[in-house]
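# Topology and contacts: notes
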There are 2 protein chains.
Amino acid sequence: MDFRGLNIAVVGLGLIGGSYAMALRDIKPSNIFGIDHDHNTISKAKEAGVIDNSTSDTDFILKKSDIVIIALYPKDTVDFIRNNLKSFKKGAIITDATGIKDNILKEINDCLRQDLDFIGGHPMAGKAESGFSHADKAIFQGANYILTPTEKNKKENISLISNMAIKIGFSNVILLSPEEHDKVITLTSHLPHIVAVALMNSTGDTKDIPKLVGGSFKDATRVAAMNSNLWCELLLSNGSNISTVIDIFQESLFALKKAIINKEEIILKAMFESAYMKRKEII
Amino acid sequence: MDFRGLNIAVVGLGLIGGSYAMALRDIKPSNIFGIDHDHNTISKAKEAGVIDNSTSDTDFILKKSDIVIIALYPKDTVDFIRNNLKSFKKGAIITDATGIKDNILKEINDCLRQDLDFIGGHPMAGKAESGFSHADKAIFQGANYILTPTEKNKKENISLISNMAIKIGFSNVILLSPEEHDKVITLTSHLPHIVAVALMNSTGDTKDIPKLVGGSFKDATRVAAMNSNLWCELLLSNGSNISTVIDIFQESLFALKKAIINKEEIILKAMFESAYMKRKEII
């Protein structure tokens, strides 16, 4: 698949959007445009050669762009599409990078122009820091990418976005329905973030915590230093799934606690063995 | 502090003991001896230049050793000291590497010869794999080391072991009572291990988990692929502390769940902010 001749716009040059813009250079599109409310960020991205044009004219950029990658917070993603509906190039493919899909897809599909094709996307990549200055295309290397196509999407466009993901470094592209995505991501992304915060907050007023931790605690709490504005928005929009998943997790935790307190060694080892086998499958 | 002229024995050349033996070369002791029930491991360690002698004569080694580092499982650590009590060199300093301290200290101090000095030690380092073939002195670089001295220990010996730890790469040596150690380590080490297992076991029969996870899940579950024999022994000997700590963690988790379900954004952000500030202190 050839991306030469195509113009690609990235909306929101933060950690994820900035990393996209950097990675997209590898697939040699005609132009990589950047849209950001912060003119400073646009200037930096232009100076660094990450984007090809420093215009702040969103209308101009969208009218020229065959693919638009929106890397904004969930609500802002919907608002951006609504507010710029008339500007998108006819037949443009639009995708996003938000970590929650079902509601967003409904809101976007309710207002989208018939000729446009919005394909929900979730690059499972990131780091604790945010903003363009931390953007790095290496975060995509070997990571997973979920697409949440619906019946409205054209097959060739799903294929194009899948190809783009692999070419910019992702290892796997997996297709899920928006509902399936939200359920599974609650388990594989929202839960470990919540657990990281709960672990940190469990330390109470224990002194010298930084000198008393090993790799297990450091790793499990790495994402506790997260972008709290983004994560609050994500989690608050997903209360029902989160409630279900926390209940499941607490059952697992309670089973372990019970086996430890009752000194049920065989049961405890079986639970360890099950976790071991599942974890070994994850690289 | 000078380690030249001293003989150091490492008992148990697994992941931790092997890494010790490798790291000890940097402080240039007269001899580094290795004791292991597996003759193959002794041969490999000798061939690799990690230890200086391939004798399997424990009595011979202990009689010559000024410092003995025992890197065995908790029960085996106590048994080794009991079974070799007569062999230790007069005035030898003995330390260990087990992740639980209160009971072990009591059992060892109940039987220890008066001239010997046992100082409980806990290097907060490791990795998922076990055994000499995975040993690597790099695991100690920048890690934390807890010593749990009692009134029985000589100050100069506590100082010597602290110095040794820093010289072989640890960043911090912190002194705690055995009881304090066990309480805090339940929080900073046992809990994240239990949480990792609970997270993995929460995935149930969800398909394609390896393709649906990002860094947060990978990091939080890394230690789920742990040495289950060692960890079962550790956790089963620490049921009371674990029960308390899991209760505290579940309270933190429940507070987050409540704020998310009730859409209490201000409360949720305050909990995130608290976790963020605490996590920023940990390198």
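Scoring rules and cut-offs
- Residues numbered from 1 in each chain as written.
- Chains lettered and ligands numbered in written order.
- Predicted model: local features only at pLDDT ≥ 70, side-chain atom pairs only at ≥ 80, totals over all residues.
- Heavy atoms only, no water.
- Helix = DSSP H or I, 4+ residues; strand = E, 2+ residues; numbered from the N terminus.
- Rg over C-alpha atoms; globule rule 2.2 N^0.38 Å.
- Buried < 20%, exposed > 50% of the residue type's maximum accessible area, 1.4 Å probe, protein only.
- Contact = heavy atoms within 4.5 Å.
- Areas by Shrake-Rupley, 256 points an atom, 1.4 Å probe, with all protein chains shown as cover.
- Lys, Arg positive; Asp, Glu negative; His and termini not counted.
- Charge placed at Lys NZ, Arg CZ, Asp CG, Glu CD.
- Buried area = accessible area lost by both parts, 1.4 Å probe.
- Salt bridge = Lys/Arg side-chain N within 4 Å of Asp/Glu carboxyl O.
- Nonpolar A, V, L, I, M, F, W, Y, C, P; charged D, E, K, R; others polar.
- Least-squares fit on C-alpha atoms with pLDDT ≥ 70 in both.
- Phe/Tyr/Trp six-rings, centres within 6.5 Å; stacked < 30°, edge-to-face > 60°.
- Core = buried A, V, L, I, M, F, W, Y, C linked by side-chain atoms within 4.5 Å.
- Pairing = 2+ DSSP bridges.
- Axes fitted to C-alpha atoms, helices over the stretch in contact; angles between N-to-C directions.
- Expected span 1.5 Å × (residues − 1).
- Arc of directions from axis to C-beta.
- 1 Å grid on protein atoms, 1.4 Å probe; cavity = no way out; pocket = protein on both sides within 12 Å on 5 of 7 lines; lining within 4 Å.
- Points joined across faces, edges and corners; volume = space filled by probe spheres on them.
- Parallel < 35°, antiparallel > 145°, perpendicular 65-115°, else oblique.
- Left-handed = near helix turned anticlockwise from the far one by under 90°.

### Here we look at the overall build of chain A
When you go through chain A residue by residue, the secondary structure sums to 11 helices and 7 strands. In terms of overall dimensions, chain A is globule-like: its C-alpha atoms have a radius of gyration of 21 Å, near the 19 Å expected for 283 residues. Judged by the C-alpha coordinates and their principal axes, chain A covers about 65 × 40 × 30 Å. When each of the 283 residues of chain A is scored for burial, the buried share is 57%. Contacts spanning at least 24 positions in sequence make up 72% of the contacts within chain A whose residues lie at least 6 apart. Roughly 11800 Å² of accessible area belongs to chain A as shown, and the carbon and sulfur atoms make up 49% of that amount. One finds the centroid of the 33 positive side-chain charges in chain A at a distance of 3 Å from the centroid of its 34 negative side-chain charges.

### A few points about the interface of chain B and chain A
Between chain B and chain A, the residue contacts involve 84 residues of the former and 84 residues of the latter. Taking both sides of the interface into account, the surface hidden between chain B and chain A amounts to around 7800 Å²; carbon and sulfur atoms contribute 69%. Between the two partners, chain B and chain A, sit 4 salt bridges. Sorting the residues of the side of chain B that touches chain A by element identifies strand 6 (144-148), strand 7 (172-175), helix 7 (178-201), helix 8 (215-221), helix 9 (228-236), helix 10 (239-261) and helix 11 (265-280) of chain B as the ones contributing at least two each. Per-class residue counts for the side of chain B that touches chain A are 45 nonpolar, 23 polar and 16 charged.

### Quick notes on the relation of the copies chain B and chain A
Mapping chain B onto chain A leaves a residual RMSD of 0.0 Å; the transformation is a rotation of 180° accompanied by 0.0 Å of translation along its axis. Accordingly, the operation relating the two chain copies is best matched by a two-fold axis. No C-alpha of chain B lies nearer the rotation axis than that of A220 of chain B, which sits 2.0 Å from it. Of the interface residues in chain B, 100% have counterparts in chain A that sit at the interface too, so the contact is made through matching surfaces.

### Section: the packing of aromatic side chains
Throughout the structure, instances matching the rule amount to 9 aromatic pairs over all chains. When the centroid spacing of 6.4 Å and the interplanar angle of 80° are considered together, the rings of F80 of chain B and F88 of chain B count as edge-to-face. For F80 of chain B, a relative accessible area of 11% translates into the label buried. Taking relative accessible area as the criterion, F88 of chain B reaches 3% and is therefore assigned buried. An aromatic cluster is defined as three or more aromatic residues linked by ring pairs; in this entry it consists of Y20, F140, Y145 and F170 of chain A.

### A closer look at the nonpolar core
Within the largest apolar cluster, 70 residues are counted, with the highest numbers of intra-cluster contacts made by F249, L268 and F272 of chain A together with F249, L268 and F272 of chain B. When neighbours within four sequence positions are excluded, L268 of chain B is seen to be in contact with C232 and L236 of chain A together with L256, A259 and I260 of chain B. Counting residues in hydrophobic clusters, the runner-up holds 38 residues, among them I8, V10, Y20 and I27 of chain B.

### A few points about the sheet that holds strand 3 (residues 67-70) of chain A
Residue and element names in this part refer to chain A. The 7 strands are arranged 2-1-3-4-5-6-7 in an open sheet whose pairing can be described as mixed. Every interior strand has two partners, whereas the edge strands, strand 2 (31-35) and strand 7 (172-175), have only one. Neighbour-to-neighbour, the strand axes of this sheet turn through a mean angle of 25°, independent of strand direction. When strand 6 (residues 144-148) meets strand 7, the two strands line up parallel, connected through 4 bridges. Within the sheet, the bridge partner assigned to Y145 lies in strand 7 and is V173. Together, strand 1 (7-11), strand 2, strand 3, strand 4 (93-96) and strand 5 (117-124) form the strand contacts of helix 4 (residues 74-83), whose direction differs from that of strand 3 by roughly 145°.

### Digging into helix 11 of chain B
Along its 16 residues, helix 11 of chain B runs 22 Å from first to last C-alpha, staying within 8% of the 22 Å computed at 1.5 Å per residue. Residues L268, M271, F272, A275 and R279 of chain B constitute the buried set of helix 11 of chain B. In an axial view of helix 11 of chain B, the angular spread of the buried residues amounts to 100°, which keeps them on one side of the axis. Among the structural elements, helix 7 (178-201), helix 8 (215-221) and helix 9 (228-236) of chain A together with helix 10 of chain B are those in contact with the buried residues of helix 11 of chain B.

### Overview of the pattern of salt bridges
This structure, assessed with the given rule, holds 26 salt bridges over all chains. Note that R25 of chain B and D52 of chain B form a salt bridge whose closest N and O atoms lie 3.0 Å from each other. Of this pair, R25 of chain B sits in the loop between helix 1 (15-24) and strand 2 (31-35) while D52 of chain B is found in the loop between helix 2 (39-47) and helix 3 (58-64), placing the two residues 27 residues apart along the sequence. By relative accessible area, which is 31% here, R25 of chain B ends up partly exposed. Overlapping salt bridges bring together D79, R82 and E107 of chain A as one network.

### Side note on the environment of M226 of chain A
Considering the arrangement of structural elements, one finds M226 of chain A in the loop between helix 8 and helix 9. For the pair M226 of chain A and M200 of chain A, spaced 26 residues apart in the sequence, the C-alpha separation amounts to 12 Å. Once you skip the residues sitting within four places of it in the chain, M226 of chain A turns out to touch A128, H193, V197 and W231 of chain A together with F272 and Y276 of chain B.

### Some details on the layout of surface pockets
Empty space among the atoms becomes visible once a probe the size of a water molecule is rolled across them. If you add up the space inside the second largest pocket, you get close to 1100 Å³. Lining the second largest pocket we find 44 residues, and of these L15, I16, N227, L230 and W231 of chain A sit closest to its centre. Secondary-structure elements contributing two or more residues to the lining of the second largest pocket are helix 1 (15-24), strand 5, helix 7 and helix 9 of chain A together with helix 8 of chain B.

### Some words on helix 4 (residues 74-83) of chain B
Working note: α-helix, 3.6 residues per turn, so residues spaced by three or four point in the same direction. Residues and elements named next belong to chain B. Among all positions of helix 4, only P74, T77, V78, F80 and I81 are buried. One face of helix 4 carries all of its buried residues, which in axial projection span an arc of 160°. Turned more than 90 degrees away from the buried face of helix 4, the exposed residues are K75 and N83.

### Here we look at the packing of helix 10 (residues 239-261) of chain A against helix 7 of chain B
Angle between the axes and distance between the axes are the two parameters that describe a pair of packed helices. Taken N-terminus to C-terminus, the directions of helix 10 of chain A and helix 7 of chain B make an angle of 130°; their axes are 8 Å apart at the nearest point. What the angle tells us is that helix 10 of chain A and helix 7 of chain B run oblique. By crossing handedness, the relation of helix 10 of chain A to helix 7 of chain B is classed as right-handed. Contacts between helix 10 of chain A and helix 7 of chain B involve F249, S252, L253, L256 and I260 of chain A from the former and I194, V195, V197, A198, L199 and N201 of chain B from the latter. Its residues placed into classes, the contact of helix 10 of chain A with helix 7 of chain B shows 9 nonpolar, 2 polar and no charged.

None of this, on its own, says anything about what the molecule does.
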